[in-house]
Amino acid sequence: MQQSKTIQQYQQQLANDKNGCENAVHSYLQKIESSKQLNAFVEVYKEESIERAKELDVKRTNRNSLGKLHGVVIALKDVICYKNHKVSAASNILKGFTSVYNSTAVEKLLAEDAIIIGNCNCDEFAMGSTNENSAYGKVLNALDETKVPGGSSGGSAVAVQAGLCMISLGSDTGGSVRQPADFCGIIGLKPTYGRVSRHGLIAYASSFDQIGIFGNNIEDVALVLEVISGEDDYDSTVANKKIEKFSRSTGNNRTYKFAYFKNALNHLSLDPEIKKGIESLVQNLEKDGHSVKGIDFELLDHIVPAYYVLATAEASSNLSRYDGVRYGYKEPSAGNVTDMYTKTRTKGFGKEVKRRIMLGTFVLSSGYYEAYFTKAQQVRRLLVDQTEKIFKDFDAILIPTVPANAFNIGAMEKDPVATYLADIYTVFANLTGIPAISIPLFKHINNMPFGVQIMSDKFNEVTLLEISDRILNDYKPA
Ligand code: GLN
């Protein structure tokens, strides 16, 4: 199959191709097979996706009305439940567990004729930035196999990067869609908290988690967002706001008001080459009539600590359900019940997950609750208030996605704190709930890509997508 540029173009091709979906699936399956060393997939639904494609081809030939994602080949992160398919959050504690229901996102994809081709590797319970913390082994960056793809949704990112599917879903609790998108040179969107149902998404930190989308162009990402967003009886945190249709024509000649945080661009951890890239974008935007203003943001150095206190606290509570009784792995040699819990969890969870459960339990313990958990909540409140103020004056915030681009496999393994600190630019959107996107724009002198992150006001994904589309069209080198 000739790789189509957008979903719309692919669907136009399908109109004249009786076996178009089937051919597309075969071509992706071949590509998956020849890219096995990347380790992007946990499981590929080979026969099933061919069957589904054949059904869709018949449906189209019979001139039945077609779904918005008719024939679109999609991969899921291994934290998103798909009925009668295995889901394990890349953890030994859930290995072999089969989902008994569909997540709402999957339900909506299927209702619009999508083809789900498989589920993708990730960091265990979505905790990490490298995809090295996985019970299935690490994922390789397809642009340079000695580099990490980023995490935690590394497999989903590589699946799109390497052309193993058209679109993939990931989850973003602190940057896990935007950061791997940045490392892989693709688009990664984290919607507003409450835009997409979390029903059937394995929880890491429930007040931060959102399903996100990887794609190659804004049009596709916008279409998938339109499909998976919206009210859900199974998740009361989803807003009943309708998403407006993204359209290339609206606002196309509009000029925007951008802000950037001065100390974010001057941060010591920021790679000089990335800084230069963002500065050149700022200059270009100004030259083209947009306004771009540097603003003060004193809370910058508090956001990573606040995130790691609150997210681990929520994780310690969420992950208490994996006790050997209700789900997955149970230690067979255990004696009494306490022994069974201890041995099951000791064996079932990996090192990073245990570190976070312990950290989260500590910050919630009665002696330290006020000092850590309450303080971090206060920081979160301040951030939300400041963010509301910023969006009274600006359409969007520009910020790097990550302080450095894809690093070598193994480079960060011994230094979890350094890895945490590299989340400095992404966790802000999760703490405040605003939507954020990473779009690929630049090539570093080390030959790997990097992009820019754009954030807009809550539930204003349409502006975010329009701005992103515009920036990609106007400033992405051919
Ligand atoms: N790097 C962040 C973390 O390890 C991102 C997690 C995520 O978004 N799932 O917590």
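Structure shown above.
Residues numbered from 1 in each chain as written. Predicted model: local features only at pLDDT ≥ 70, side-chain atom pairs only at ≥ 80, totals over all residues. Heavy atoms only, no water.

Draft legend 1. How the structure looks around the pattern of salt bridges. If you walk through the whole model with that rule in mind, you get 20 salt bridges. The shortest N-O distance in the salt bridge between Asp57 and Arg60 comes to 2.8 Å. Separated by three residues within a single helix, Asp57 and Arg60 lie in helix H3 (residues 46-61), roughly one turn from each other. Its relative accessible area of 3% is what places Asp57 among the buried residues. The network of salt bridges with common partners includes Lys68, Glu226 and Lys245. (Salt bridge = Lys/Arg side-chain N within 4 Å of Asp/Glu carboxyl O. Helix = DSSP H or I, 4+ residues; strand = E, 2+ residues; numbered from the N terminus. Buried < 20%, exposed > 50% of the residue type's maximum accessible area, 1.4 Å probe, protein only.)

Draft legend 2. The arrangement of the nonpolar core in detail. Of all hydrophobic cores here, the largest spans 147 residues; its most connected members are Leu69, Phe125, Leu169, Ile228, Leu398, Ile454 and Ile471. Residue contributions to this core peak at 11 residues, all from helix H10 (residues 300-318). (Core = buried A, V, L, I, M, F, W, Y, C linked by side-chain atoms within 4.5 Å.)

Draft legend 3. Representation of the packing of helix H7 (residues 218-228) against helix H16 (residues 461-475). Where H7 contacts H16, the two axes come as close as 10 Å, and the packing angle between them is 165°. By the angle class used here, H7 and H16 are roughly antiparallel. H16 is crossed by H7, and the crossing has right-handed handedness. The segment H7 lies against H16, with Ile218, Val221, Ala222 and Leu225 engaging Glu461, Leu465, Ser468, Asp469 and Leu472. Of the residues that constitute the contact of H7 with H16, the class distribution is six nonpolar, one polar and two charged. (Axes fitted to C-alpha atoms, helices over the stretch in contact; angles between N-to-C directions. Parallel < 35°, antiparallel > 145°, perpendicular 65-115°, else oblique. Left-handed = near helix turned anticlockwise from the far one by under 90°. Contact = heavy atoms within 4.5 Å. Nonpolar A, V, L, I, M, F, W, Y, C, P; charged D, E, K, R; others polar.)

Draft legend 4. Spatial organisation of the environment of Lys190. Residue placement: Lys190 occurs in strand S5 (residues 187-190). Judged by relative accessible area, Lys190 falls into the buried class, the value being 0%. It is 24 Å that separates the C-alpha atoms of Lys190 and Tyr101, two residues lying 89 residues apart in sequence. Excluding its chain neighbours within four sequence positions, the residues that come into contact with Lys190 are Asp172, Arg178, Gln210, Ala429, Asn430, Gly433, Ile434, Pro435 and Ala436.

Draft legend 5. Summary view of H3. Over its 16 residues, H3 extends 23 Å from the first C-alpha to the last, a length consistent with the 22 Å expected when each residue adds 1.5 Å. Positioned one or two residues after H3, Arg63 has a phi angle of 60°, which is positive. (Expected span 1.5 Å × (residues − 1).)

Draft legend 6. Broad picture of the pairing of strand S9 (residues 396-400). The buried count for S9 comes to five of five residues, which makes it a mostly enclosed element. Side chains Ala396, Leu398 and Pro400 project from S9 onto one buried face, and the interleaved Ile397 and Ile399 project onto a second face that is buried too. Looking at chain direction, strand S7 (residues 257-261) and S9 are connected through three bridges and run parallel. Paired with Phe258 across the bridge in S9 is Ala396. In this structure, S9 lies alongside strand S11 (residues 449-456), joined through five bridges in antiparallel fashion. (Pairing = 2+ DSSP bridges.)

Draft legend 7. Examining the site of the ligand more closely. Residues in close proximity to the ligand total 15 residues, the closest being Ala126, Thr173, Gly174, Ser176 and Tyr307. Between the ligand and Arg356, the relevant distance is 2.8 Å, taken from an oxygen atom to a side-chain nitrogen or oxygen of the residue. When the free accessible area of the ligand is taken as 290 Å², the share hidden by the protein chains comes to 99%. Counting atoms within 2 Å of the grid points, the majority share of the ligand lands in the largest cavity. (Near = heavy atom within 4 Å. Polar contact = N/O pair within 3.5 Å; in protein donor to acceptor, adjacent residues only side chain to side chain. Areas by Shrake-Rupley, 256 points an atom, 1.4 Å probe, with all protein chains shown as cover. 1 Å grid on protein atoms, 1.4 Å probe; cavity = no way out; pocket = protein on both sides within 12 Å on 5 of 7 lines; lining within 4 Å. Sits in = over half its atoms within 2 Å of the grid points.)

Draft legend 8. Region of interest: empty space enclosed by the protein. The full count for this structure, using the stated rule, is three cavities of 30 Å³ or more. For the largest cavity, the lining is made up of 17 residues, of which Gly128, Ser129, Gly174, Ser176 and Asp423 are closest to its centre. Considering only residue class, the lining of the largest cavity consists of five nonpolar, 10 polar and two charged. (Points joined across faces, edges and corners; volume = space filled by probe spheres on them.)

Draft legend 9. The arrangement of helix H12 (residues 351-364) in detail. For H12, built from 14 residues, the straight-helix expectation of 20 Å at 1.5 Å per residue is met to within 8% by its first-to-last C-alpha distance of 20 Å. Buried residues of H12: Glu352, Val353, Arg356, Ile357, Gly360 and Val363, and no others. Looking straight down H12, one finds its buried side chains confined to an arc of 135°; they lie on one side. The exposed residues of H12 that point more than 90 degrees off its buried face are Lys351 and Met358. (Arc of directions from axis to C-beta.)

Draft legend 10. Spatial organisation of the packing of aromatic side chains. For the coordinates displayed, the defined rule picks out 19 aromatic pairs. Consider the rings of Phe208 and Tyr307, whose centres lie 5.6 Å apart with planes at 85°: the pair is edge-to-face. Remark: Tyr307 occurs in helix H10 and Phe208 occurs in the loop between S5 and strand S6 (210-215); sequence separation between them is 99 residues. For Tyr307, a relative accessible area of 3% corresponds to the buried category. Taking 4.4 Å as the distance between ring centres and 35° as the angle between the ring planes, the aromatic pair formed by Phe362 and Tyr368 counts as tilted. Ring-pair connections join several aromatic residues into one group, and the members of that group are Phe97, Phe125, Tyr322, Tyr327 and Phe349. For Lys241, the ring lying beneath its charged end belongs to Phe459, and the centroid distance is 5.0 Å. Lying over the aromatic face of Phe208, Arg380 brings its terminal NZ or CZ to 4.1 Å of the ring centre. (Phe/Tyr/Trp six-rings, centres within 6.5 Å; stacked < 30°, edge-to-face > 60°. Lys NZ or Arg CZ within 6 Å of the ring centre and 35° of its normal.)

Draft legend 11. Geometry of the environment of Asn446. Looking at the secondary structure, you find Asn446 in the loop between strand S10 (436-443) and S11. The spatial distance from the C-alpha of Asn446 to the C-alpha of Ala406 is 9.6 Å, given a sequence separation of 40 residues. A distance of 3.0 Å separates a polar atom in the side chain of Asn446 from the backbone nitrogen of Met448.

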